[in-house]
Amino acid sequence: MRPRIAIDAMGGDIGARVMVAGAALARHRHEGFQFLFVGDENEIKEALKSHPNLSAASEILHAEDVVSGDAKPSQALRGSKKTSMGMAVSAVKAGEVSAAVSAGNTGALMAISKLALRTMPGIDRPALAALLPTMKDSDVVMLDLGANAECDSRNLVQFSVMGAAYSRIMHGFEKPKVKLLNIGTEDGKGTGTLQVAAEALKNADGLAMNFQGFTEADKISTGEVDVIVTDGFSGNIALKALEGTARFVTDLLKRSFLSSLRSKIGFLISRPATELLKEHLDPNNHNGAVFLGLNGVVVKSHGSADEKGVANAVEVAARLVEDSILERISEDLNKISSLPPVELAGK
């Protein structure tokens, strides 16, 4: 089917102009895409003037209000029926669109999406998952990246199922390699929560994943594992550390190349390599985090994403719809329903 995607046109640092431009780029790559732009009608119409080929594939739903970047989730929920973010998610609930994409406030988007769409049967909490760059050709799926600060063993098992389904769609792996983030790789390391989750995953038969135990944070970017699972507290810290390290490396290289005439000459010689590094670390090339576990597809674009980044987020949303992410997760959840309860650890 041709995916129809709701775009929260007012979210993000730039707003309608970049969200419309990103949708136009995505449609250029995938002609069948259809869009419902939600937000200030005049701003959206003005932005569409620069993309006449997009207009025929788009509709506009006027929204009176916008969720601010510093709004608390409770505030966003109260006014969601009139905001571009809330109305975009509501369109998913009503079946008017296949998915929603927003670059707005992450906490607000999670709260609105969870209230409107609810969690899937067999899922206690949704998780925020994203693709992170590695040394290998394929990215690593990591979750949870901040939706749940505290998780029990049952949550981690469910996250593993959802992350594996996501990896199978995005990378085509038949049985993605899945590991739990821990302070060591030995079986006896880590909390009781991790131990119980690992034991449950080891004993699960028929899952479309290859569970391989534990991994440490220094292995996130090596590409030796396809899915890394953790709680939202640890996941968010790890993500911010990776982002900060990437900025540190690129800024240090820039400073080093500008330090002397010889360094500047060296930069010119090595420019192809540095451009490759820049391209590999560019967050726009990995944009599009997903709230997995909801009865609908909602994708979070980075607030500072450019049109290329927005296009990637749109493509992630469409891919998940086209490859039936909800059905894949449900199928695997049914396979673990016979496992002994694991919800006690970590409570």
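Given the structure is predicted, the values throughout are model-derived calculations rather than measurements.

Novice: A description of unusual backbone geometry should follow, citing residues and the corresponding values.
Specialist: For the bond from Leu143 to Asp144, the omega torsion is 0°, close enough to zero to count as cis. Structurally, Asp144 can be placed in the loop between strand E6 (140-143) and helix H7 (153-171). A positive phi angle is found at Ser324, which is not glycine, with a value near 55°. Relative to the elements of secondary structure, Ser324 occurs in the loop between helix H11 (307-322) and helix H12 (325-336). On the basis of relative accessible area, Ser324 is assigned to the partly exposed category, the value being 30%.

Novice: Summarise the sheet that holds strand E7 (residues 177-181); cite the residues concerned and give the values.
Specialist: Taken in spatial order, the eleven strands make up an open sheet running E3-E2-E1-E4-E11-E10-E5-E6-E9-E7-E8, and their pairing is mixed. In this open sheet, the two strands that pair with only one neighbour each are strand E3 (58-62) and strand E8 (210-215). On average, adjacent strands in this sheet sit at an angle of 25° to one another, irrespective of strand direction. Pairing geometry for E7 and strand E9 (residues 227-229), over three bridges, is parallel. Each bridged residue has a counterpart across the sheet, and for Val178 the counterpart in E9 is Val227.

Novice: So what's going on with the side chain of Lys300? Residues and values would help.
Specialist: By the secondary structure assignment, Lys300 is in strand E11 (residues 297-300). Despite being buried, Lys300 has no salt bridge partner; Asp13 is the closest side chain of opposite charge, sitting 8.1 Å away. Within the structure, Lys300 has its side chain in polar contact with the backbone oxygen of Gly104 (distance 3.3 Å).

Novice: Before we move on, could you go through the nonpolar core and cite the residues and values that matter?
Specialist: The biggest cluster of nonpolar side chains holds 71 residues, and the ones touching the most others in it are Phe35, Phe37, Leu143, Tyr166, Leu180, Val314 and Leu320. Excluding anything up to four places from it in sequence, Leu143 contacts Ala127, Leu128, Ala129, Phe159, Gly163, Val227, Ile228, Val229, Thr230 and Leu292. Counting residues in hydrophobic clusters, the runner-up holds 37 residues, among them Val38, Leu128, Leu132 and Leu294.

Novice: An account of the environment of Gly39 is requested, with residue identities and associated values reported.
Specialist: Tracing the chain through its elements places Gly39 in strand E2 (residues 34-39). Each C-alpha atom, one on Gly39 and one on Gly11, is 8.9 Å from the other, the two residues being 28 residues apart in sequence. Those residues in contact with Gly39 that lie beyond four places of it in its chain are Met10, Ile44, Leu61, His62, Ala63 and Ser84.

Novice: Give a description of the packing of H7 against H12 that names residues and reports values.
Specialist: Where H7 meets H12, the closest approach of the two axes is 9 Å, and the angle between their N-to-C directions is 140°. Comparing the axis directions of H7 and H12 gives the class oblique. Taken as a pair, H7 and H12 cross one another with a handedness that is right-handed. Here H7 contributes Val157, Val161, Met162, Ala165, Tyr166, Arg168 and Ile169 to the contact with H12, which in turn contributes Ile325, Arg328, Ile329, Asp332, Leu333 and Ile336. A per-class count over the contact of H7 with H12 returns ten nonpolar, no polar and three charged.

Novice: Explain the packing of helix H1 (residues 16-29) against helix H2 (residues 41-48) to me, using residue names and the numbers behind them.
Specialist: H2 packs onto H1 with a crossing angle of 50° between their chain directions and a minimal axis gap of 9 Å. One element, H1, and the other, H2, form an angle in the oblique class. The two elements H1 and H2 cross, and the hand of that crossing is right-handed. Side by side, H1 and H2 meet where Ala16, Arg17 and Val20 of the first sit next to Glu43, Ala47 and Leu48 of the second.

Novice: Describe a nonpolar patch on the surface, listing the residues and the values that go with them.
Specialist: Taken together, Phe248, Val249, Leu252 and Leu253 make up a surface patch of nonpolar side chains, about 320 Å² in accessible area. With respect to the helices and strands, the residue Val249 is situated in helix H9 (residues 232-257).

Novice: Summarise H2; cite the residues concerned and give the values.
Specialist: In an α-helix, one full turn covers 3.6 residues, which means residues spaced three or four apart are oriented alike. Inspection of H2 places Ile44, Ala47 and Leu48 among the buried residues, and these make up the whole buried set. The buried side chains of H2 occupy one side of the element, clustering within an arc of 100° when seen end-on. Where H2 is buried, its residues touch H1, E2, helix H3 (52-55) and E3. Regarding H2, its N-cap is Asp40, as a side-chain oxygen of that residue lies 3.1 Å from the backbone nitrogen of Asn42 further along.

Novice: Pulling in residues and values, what's your account of the pattern of salt bridges?
Specialist: A full pass over the atoms with the stated rule returns eleven salt bridges. For the salt bridge of Glu315 with Arg29, the shortest nitrogen-to-oxygen distance reads 3.0 Å. Residue Glu315 is located in helix H11, and its partner Arg29 is located in helix H1; the two are separated by 286 residues in the primary sequence. Of the residues examined, Glu315 reaches a relative accessible area of 17% and is grouped as buried. A salt bridge links Asp332 to Arg168, with the shortest nitrogen-to-oxygen separation between them at 3.3 Å. One end of the pair, Asp332, is in helix H12; the other, Arg168, is in helix H7, with 164 residues separating them in the sequence. Each member of the pair, Asp332 together with Arg168, is buried.

Each value, and the rule that gives it
Residues numbered from 1 in each chain as written. Predicted model: local features only at pLDDT ≥ 70, side-chain atom pairs only at ≥ 80, totals over all residues. Heavy atoms only, no water. Helix = DSSP H or I, 4+ residues; strand = E, 2+ residues; numbered from the N terminus. Buried < 20%, exposed > 50% of the residue type's maximum accessible area, 1.4 Å probe, protein only. Pairing = 2+ DSSP bridges. Axes fitted to C-alpha atoms, helices over the stretch in contact; angles between N-to-C directions. Lys, Arg positive; Asp, Glu negative; His and termini not counted. Salt bridge = Lys/Arg side-chain N within 4 Å of Asp/Glu carboxyl O. Polar contact = N/O pair within 3.5 Å; in protein donor to acceptor, adjacent residues only side chain to side chain. Core = buried A, V, L, I, M, F, W, Y, C linked by side-chain atoms within 4.5 Å. Contact = heavy atoms within 4.5 Å. Parallel < 35°, antiparallel > 145°, perpendicular 65-115°, else oblique. Left-handed = near helix turned anticlockwise from the far one by under 90°. Nonpolar A, V, L, I, M, F, W, Y, C, P; charged D, E, K, R; others polar. Patch = residues over 30% accessible without salt bridge, like charges linked within 9 Å, V, L, I, M, F, W, Y side chains within 5 Å. Areas by Shrake-Rupley, 256 points an atom, 1.4 Å probe, with all protein chains shown as cover. Arc of directions from axis to C-beta.

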